[in-house]
Amino acid sequence: MSSITFTLLAHVNSIDVVPHQVTLDVMLYSVLDGCPVDALLVAFQAELATKSSTVTPWYWGLRTLIKYRTPKNWTDPNFLGPRIGDKILIGLLIMTLYLGKGDNFAQDNLINIASVLFLMVVLPAFGAAAYVPSLVTERALFVRERNDGLYYTVTYLLAKMCDELVLGALATCGVTAFVFFGVQLQGEWVCFWIGYYVSLCVGIVLAYFVASISPNMDVANALLPLYCITLMFFMGFLFRLQDIPPWWYWYSFISFTRYTFSALMANQFGEVDPPFNDTTFLEYYGLDTVDKWTYIGYAALFFIFFFLSTLTVMSLRTYQSR
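Residues numbered from 1 in each chain as written. Predicted model: local features only at pLDDT ≥ 70, side-chain atom pairs only at ≥ 80, totals over all residues. Heavy atoms only, no water.

1. Some remarks on the nonpolar core
Stage number 1. By size, the foremost hydrophobic cluster in this structure holds 84 residues, and its most contacted members are Phe261 and Met265.
Stage number 2. The element that contributes the greatest number of residues to this core is helix α9 (residues 189-213), accounting for 15 residues.
Stage number 3. For Met265, the contacting residues outside a window of four places in its chain are Ala114, Leu117, Gly270, Phe281, Leu282, Tyr285 and Leu287. (Core = buried A, V, L, I, M, F, W, Y, C linked by side-chain atoms within 4.5 Å. Buried < 20%, exposed > 50% of the residue type's maximum accessible area, 1.4 Å probe, protein only. Helix = DSSP H or I, 4+ residues; strand = E, 2+ residues; numbered from the N terminus. Contact = heavy atoms within 4.5 Å.)

Listed below in structure tokens is the structure:
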């Protein structure tokens, strides 16, 4: 048996590590098969002299994460509770509180109906705080596994979105069904569900973005509700869009809750727009020209924006010094 000693300069994610002496014990009579030791040494050096880090293909990493971690999360009460329990409880509260009021278009009840739609848009955004710990608490694990070449950042983020969005779709389907039919709202239930679901999806990826830029949990838990509170003022319900001062009107365009609320209002009152204060209800709020599906599409664009922003931050930011 012979020993071959050579120097390996390791590169891990562009971080230079002190060269190490690597000793390979080679059984010449079985491995070399007559090949000179120098030729074997050259072959080893050529194999190890990579100019970039080696990473598992994204599709394989995604498959592995979904295969092993997703089932574990979906069977963990600590994971399911904050993602399903709050929606069921709040949905039951709204349904029992506004039971049967959705088809009463009397002027003194229209604000009650609009309040239901307002709550169904705002609550998913505020409820997104439950998703912040998922990214912050796994930060050390993510850094280690990414540096070890187990997956790309986009692979990790796609796997997290799969965990959250599929579960969210199932949960919101049931919640919106008993709220819509219990309150006896008008329009299409599918539009009501998708509008609520899009708000939730944007809220989830928004929570991930806030978690990615925050140094710790405390900062993330402060930033997310602060931003969501500002969105409430530019939805068009607490403050009509046409009454917003000109120097603040621009903010309404970057409020995703404005578009989902407008879509749900158009879905509710699109076929029958009742009279209200010498005009119609939709005209009073400046929503008489809203196309509900177009506005849901506008809201979905915010998901793409926050997803790409989160991916950029997580790819470029160094969370730990080595």
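2. Structural notes on the packing of aromatic side chains
Stage number 1. In total, this model carries 31 aromatic pairs according to the counting rule given.
Stage number 2. Look at Phe209 and Phe306: their rings are 6.0 Å apart centre to centre, the planes differ by 45°, and that puts the pair in the tilted class. With Phe209 in helix α9 and Phe306 in helix α14 (residues 292-316), this residue pair connects regions lying 97 residues apart in the sequence.
Stage number 3. Put simply, the rings of Phe105, Phe118, Phe237, Phe261, Phe269, Phe276, Phe281, Tyr284 and Tyr285 pair up and form one aromatic cluster.
Stage number 4. Directly above the ring of Trp60 sits Arg63, whose terminal nitrogen or CZ lies 4.9 Å from the centroid.
Stage number 5. Positioned over the ring face of Phe253 is Arg258, at 5.0 Å from the centre of the ring. (Phe/Tyr/Trp six-rings, centres within 6.5 Å; stacked < 30°, edge-to-face > 60°. Lys NZ or Arg CZ within 6 Å of the ring centre and 35° of its normal.)

3. Examining the packing of helix α3 (residues 58-74) against helix α8 (residues 153-183)
Stage number 1. Where α3 contacts α8, the two axes come as close as 9 Å, and the packing angle between them is 40°. Judged by the angle between their axes, α3 and α8 are oblique. Between α3 and α8 the crossing geometry is right-handed. On the side of α3, the interface is formed by Trp58, Gly61, Leu62, Leu65, Ile66, Thr70, Asn73 and Trp74, while α8 contributes Thr155, Tyr156, Leu158, Ala159, Cys162, Asp163, Val166 and Leu167. (Axes fitted to C-alpha atoms, helices over the stretch in contact; angles between N-to-C directions. Parallel < 35°, antiparallel > 145°, perpendicular 65-115°, else oblique. Left-handed = near helix turned anticlockwise from the far one by under 90°.)

4. Quick word on α3
Stage number 1. Between its first and last C-alpha atoms α3 spans 22 Å; for 17 residues at 1.5 Å apiece the expected length is 24 Å, and the two agree.
Stage number 2. Among the residues making up α3, those that are buried are Gly61, Leu62, Leu65, Thr70 and Asn73.
Stage number 3. For α3, the secondary structure elements touched by its buried residues are α4 (77-97) and α8. (Expected span 1.5 Å × (residues − 1).)

5. Some remarks on the confidence of the model for the chain
Stage number 1. For the chain, per-residue confidence averages 85 on the pLDDT scale, and residues scoring 70 or more make up 82% of the total.
Stage number 2. Note that residues 1-32 has pLDDT below 50 and, in this model, 56 contacts with residues that lie over four places away or in other chains. (pLDDT = per-residue confidence, 0-100.)

6. A word on a nonpolar patch on the surface
Stage number 1. Together, Trp58, Tyr59, Trp60, Tyr152, Val154 and Leu158 give the surface a local cluster of nonpolar side chains, amounting to about 620 Å² of exposed area.
Stage number 2. Listed by contribution, the elements that provide at least two residues to the nonpolar patch are α3 and α8.
Stage number 3. It is α3 that contributes the most residues to the nonpolar patch, three residues altogether. (Patch = residues over 30% accessible without salt bridge, like charges linked within 9 Å, V, L, I, M, F, W, Y side chains within 5 Å. Areas by Shrake-Rupley, 256 points an atom, 1.4 Å probe, with all protein chains shown as cover. Salt bridge = Lys/Arg side-chain N within 4 Å of Asp/Glu carboxyl O.)

7. A closer look at unusual backbone geometry
Stage number 1. Positive phi, normally seen in glycine, also occurs at Gln184, with a value near 65°.
Stage number 2. Looking at the secondary structure, you find Gln184 in the loop between α8 and α9.
Stage number 3. One non-glycine residue, Asn277, adopts positive backbone phi at about 50°.
Stage number 4. Structurally, the position occupied by Asn277 is in the loop between β5 (275-276) and β6 (279-280).

8. Details of the pattern of salt bridges
Side-chain pairing between opposite charges can occur once the charged atoms of the two side chains come close.
Stage number 1. What the rule picks out here adds up to six salt bridges.
Stage number 2. Of the charged contacts in the structure, one is a salt bridge between Glu164 and Arg83, with a shortest N-O distance of 2.7 Å. Here the residue Glu164 occupies a position in helix α8, and Arg83 occupies one in helix α4, the gap between them amounting to 81 residues. Each of the two residues, Glu164 as well as Arg83, counts as buried.

9. Overview of the environment of Arg240
Stage number 1. In this fold, Arg240 is placed in the loop between α10 (217-232) and α11 (250-253).
Stage number 2. Taking the relative accessible area as the measure of exposure, Arg240 reaches 21% and is therefore partly exposed.
Stage number 3. Setting aside anything within four residues of it in sequence, one finds Arg240 in contact with Tyr284 and Tyr285.

10. Focus on the side chain of Thr153
Stage number 1. Take Thr153: it is sitting in helix α8.
Stage number 2. Residues within four places of Thr153 in sequence aside, it is in contact with Phe142, Arg146, Leu311, Met314 and Ser315.

11. Description of the packing of α4 against α8
Stage number 1. Following both chains from N to C, one finds α4 and α8 inclined at 10°, their axes separated by 9 Å at the closest point. With respect to α8, the axis of α4 lies roughly parallel. Across the interface between the two elements, Phe79, Leu80, Arg83, Ile84, Lys87, Ile88, Gly91, Leu92, Ile94 and Met95 from α4 touch Asp163, Glu164, Leu167, Ala171, Val175, Phe178, Val179, Gly182 and Val183 from α8.
Stage number 2. Class assignment of the residues belonging to the contact of α4 with α8 gives a composition of 13 nonpolar, two polar and four charged. (Nonpolar A, V, L, I, M, F, W, Y, C, P; charged D, E, K, R; others polar.)

12. Some thoughts on the environment of Asn73
Stage number 1. Along the chain, Asn73 turns up in helix α3.
Stage number 2. Separated by 91 residues in sequence, Asn73 and Glu164 have C-alpha atoms that sit 9.8 Å apart.
Stage number 3. The contacts of Asn73, once residues within four sequence positions are left out, are Phe79, Leu80 and Asp163.
Stage number 4. Separated by 3.0 Å, the side chains of Asn73 and Asp163 make a polar contact. (Polar contact = N/O pair within 3.5 Å; in protein donor to acceptor, adjacent residues only side chain to side chain.)

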